[in-house]
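Structural features, examined
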Amino acid sequence: MSDHAVLHVKGRVLVGPEDVRDELWVVGGRVSYDRPAGARDVRTVEGWALPGLVDAHCHVGLGADGPVDADTAEKQALTDRETGTLLIRDAGSPSDTRWVDDRDDLPKIIRAGRHIARTRRYMRNYAHEIEPDELVAYVAQEARRGDGWVKLVGDWIDRDLGDLSACWPREAVEAAIAEAHRLGARVTAHCFATDSLRDLVEAGIDCIEHATGLTEDLIPLFAERGVAIVPTLVNIATFPQLAAGGETRYPRWSAHMRRLHERRYDTVRGAYDAGIPVYVGTDAGGSLAHGLVAGEVAELVTAGIPPVEALSATSWGARAWLGRPGLEEGAPADLVVYESDPRADVRVLAAPRRVVLNGAVVE
């Protein structure tokens, strides 16, 4: 990265979907709309500028077999940065990535602590694996360790049943979510299937990851409660491959995964049409590559979400949802510059012209 005393971004600055300005200045790493007096060493960047993109479901420090070393985690974060992702909600990681906060050249991370799963009901080495009577204590622990979020595993394959099923009894999630809220944290949950959703939403959950099991009868409940979803469609694309791998041992589960995949676009479009907040997340980490945010935005458009709304789901809207600034006066200068208007064609997100993080141009 190269550090410049003053950066001049000119062309079209998309402060909001309709708030478009001709230029901004970066002074001391922060956004200003006033030309600095007597500025020297001014570098100019031209194009269409957006707030740094958001990946609201990403796992820095997580690999296919569990936690990874710091060098690998750094490479993951750098890959996200190169594609314009400058704010990450880390939706569960067994690694301690607090060292990232001391690096001005890496994306900002909002952590949800470590996944909390039922015993032997999740991928090995990923989560705290506990029983329902321990859930409140573990939620309190991760609420204190995280940055305002806690991540539950709401459902997973039950090997005796041979299919997806809910992991927690209702009274356990009610008490756990209440404790998280008491501690000032929001709660999200991994959910592929349907049967855990009503209990989680009625218990006060704030967000559901994947939400492939969302049905027409549950959509009004989500909308009424304002529960967001992060569909991770680039991950759902792997369901047929997963289903094929489990066909012999778990045919019921495999058939279920295929059905969820087949209706994925209808599920997301139905949620959006009902007013459910939808945000961009890739599920990077584990088995999925980092740097897929542009592909996820394109998937939301394929599902039927208007391009400007899909763009908001990784920029203005996502940042507001997570309580982080965009390109307002005085905010940290985290932005991405493109050749053309991303509102007209979201595919431009795949090719940033310049990435600016904390006021420095990434080289």
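Residues numbered from 1 in each chain as written. Predicted model: local features only at pLDDT ≥ 70, side-chain atom pairs only at ≥ 80, totals over all residues. Heavy atoms only, no water.

Our focus in this paragraph is the nonpolar core. The biggest cluster of nonpolar side chains holds 78 residues, and the ones touching the most others in it are Leu135, Ile205, Ile208, Phe222 and Leu300. Here the element with the most residues in this core is helix H3 (residues 170–182); it accounts for 5 residues. Val31, Tyr33, Leu335 and Val356 belong to the second largest nonpolar core, which has 16 residues in total. (Core = buried A, V, L, I, M, F, W, Y, C linked by side-chain atoms within 4.5 Å. Buried < 20%, exposed > 50% of the residue type's maximum accessible area, 1.4 Å probe, protein only. Helix = DSSP H or I, 4+ residues; strand = E, 2+ residues; numbered from the N terminus.)

We now examine unusual backbone geometry. Non-glycine residue Asn125 carries a positive phi angle of around 75°. Topologically, Asn125 is positioned in the loop between strand E9 (116–118) and strand E10 (128–130). With a phi angle near 75°, His210 is a residue other than glycine that sits in the positive phi range. You can see His210 is positioned in strand E15 (residues 207–210). Residue classification places His210 among the buried positions, given a relative accessible area of 3%.

The next thing to look at is the pairing of strand E13 (residues 163–166). Both strand E12 (residues 155–158) and E13 contribute to a ladder of 4 bridges, which runs antiparallel. The partner of Ile157 across the bridge, within E13, is Leu164. Taken together, E12 and the strand that follows it, E13, pair antiparallel across an intervening segment of 4 residues, in which Gly162 is found at a positive phi of about 80°. (Pairing = 2+ DSSP bridges.)

This part covers the packing of aromatic side chains. With the rule as written, the count across this model stands at 6 aromatic pairs. Summarising the aromatic geometry, the rings of Phe192 and Phe239 are spaced 4.8 Å apart at their centres and angled 70° between planes, so their arrangement reads as edge-to-face. One end of the pair, Phe192, is in the loop between strand E14 (186–191) and helix H4 (197–202); the other, Phe239, is in helix H7 (residues 239–246), with 47 residues separating them in the sequence. In this pair, the class of Phe192 matches that of Phe239, namely buried. An aromatic cluster of at least three residues, connected via ring pairs, comprises Tyr122, Tyr126, Trp156, Phe192 and Phe239. Sitting above the plane of the Tyr33 ring, Arg21 keeps its charged end 4.3 Å from the centroid. Directly above the aromatic system of Tyr265 lies the positively charged group of Arg264, at a separation of 4.2 Å from the ring centroid. (Phe/Tyr/Trp six-rings, centres within 6.5 Å; stacked < 30°, edge-to-face > 60°. Lys NZ or Arg CZ within 6 Å of the ring centre and 35° of its normal.)

Turning to the side chain of Glu209, a few remarks are in order. Examined against the element boundaries, Glu209 turns out to sit in strand E15. For Glu209, a relative accessible area of 0% puts it in the buried group. A polar atom in the side chain of Glu209 sits 2.6 Å from the side chain of His57. Within the structure, the side chain of Glu209 is placed 2.6 Å from the side chain of Arg89, a separation counted as a polar contact. Among all residues touching Glu209, those that are not within four sequence positions of it are Ala56, His57, Arg89, Lys151, Thr188, Ala189, His190, Cys191 and Val230. (Polar contact = N/O pair within 3.5 Å; in protein donor to acceptor, adjacent residues only side chain to side chain. Contact = heavy atoms within 4.5 Å.)

To continue, consider the side chain of His210. In terms of polar contacts, His210 uses its side chain to reach the side chain of Thr232, at 2.7 Å. When residues no more than four places from it in sequence are discounted, the contact partners of His210 are His57, His190, Cys191, Phe192, Val230, Pro231, Thr232, Asn235, Ile236 and Asp283.

One can describe the packing of helix H2 (residues 135–145) onto H3 by two numbers: an axis separation of 9 Å at closest approach and a directional angle of 25°. Overall, the two elements H2 and H3 adopt an arrangement that is roughly parallel. The two elements H2 and H3 cross, and the hand of that crossing is right-handed. Touching Leu135, Val136, Val139, Ala140 and Arg144 of H2 are Ala172, Val173, Ala175, Ala176, Glu179, Ala180 and Arg182, all from H3. Here the residues of the contact of H2 with H3 sort into 9 nonpolar, no polar and 3 charged. (Axes fitted to C-alpha atoms, helices over the stretch in contact; angles between N-to-C directions. Parallel < 35°, antiparallel > 145°, perpendicular 65-115°, else oblique. Left-handed = near helix turned anticlockwise from the far one by under 90°. Nonpolar A, V, L, I, M, F, W, Y, C, P; charged D, E, K, R; others polar.)

The next subject is helix H8 (residues 251–262). In an α-helix, one full turn covers 3.6 residues, which means residues spaced three or four apart are oriented alike. End to end, H8 covers 17 Å across 12 residues, agreeing with the expected 16 Å (1.5 Å per residue, within 8%). Buried residues in H8 make contact with E12, E13, helix H6 (233–236), H7 and helix H9 (264–273). (Expected span 1.5 Å × (residues − 1).)

By the secondary structure assignment, His181 is in helix H3. You can call His181 partly exposed: its relative accessible area is 36%. Residues within four places of His181 in sequence aside, it is in contact with Arg186, Gly204 and Asp206.

Counting buried positions along strand E5 (residues 53–63) yields 11 of 11 residues, so the element is predominantly enclosed. Here E5 pairs with strand E7 (residues 85–90) via 4 bridges, running parallel. Note on E7: the bridge partner recorded for Cys58 is Asp90. Judged from the 2 bridges that link them, E5 and strand E17 (residues 284–286) form a sheet pairing that is parallel. Following the sheet pairing, Cys58 is matched in E17 by Ala284. As judged from the 2 bridges shared by E5 and strand E6 (residues 66–67), these two strands associate in the antiparallel manner. By the bridge assignment, Leu62 is partnered in E6 with Pro67. From the end of E5 to the start of E6, which pair antiparallel, there are 2 residues.

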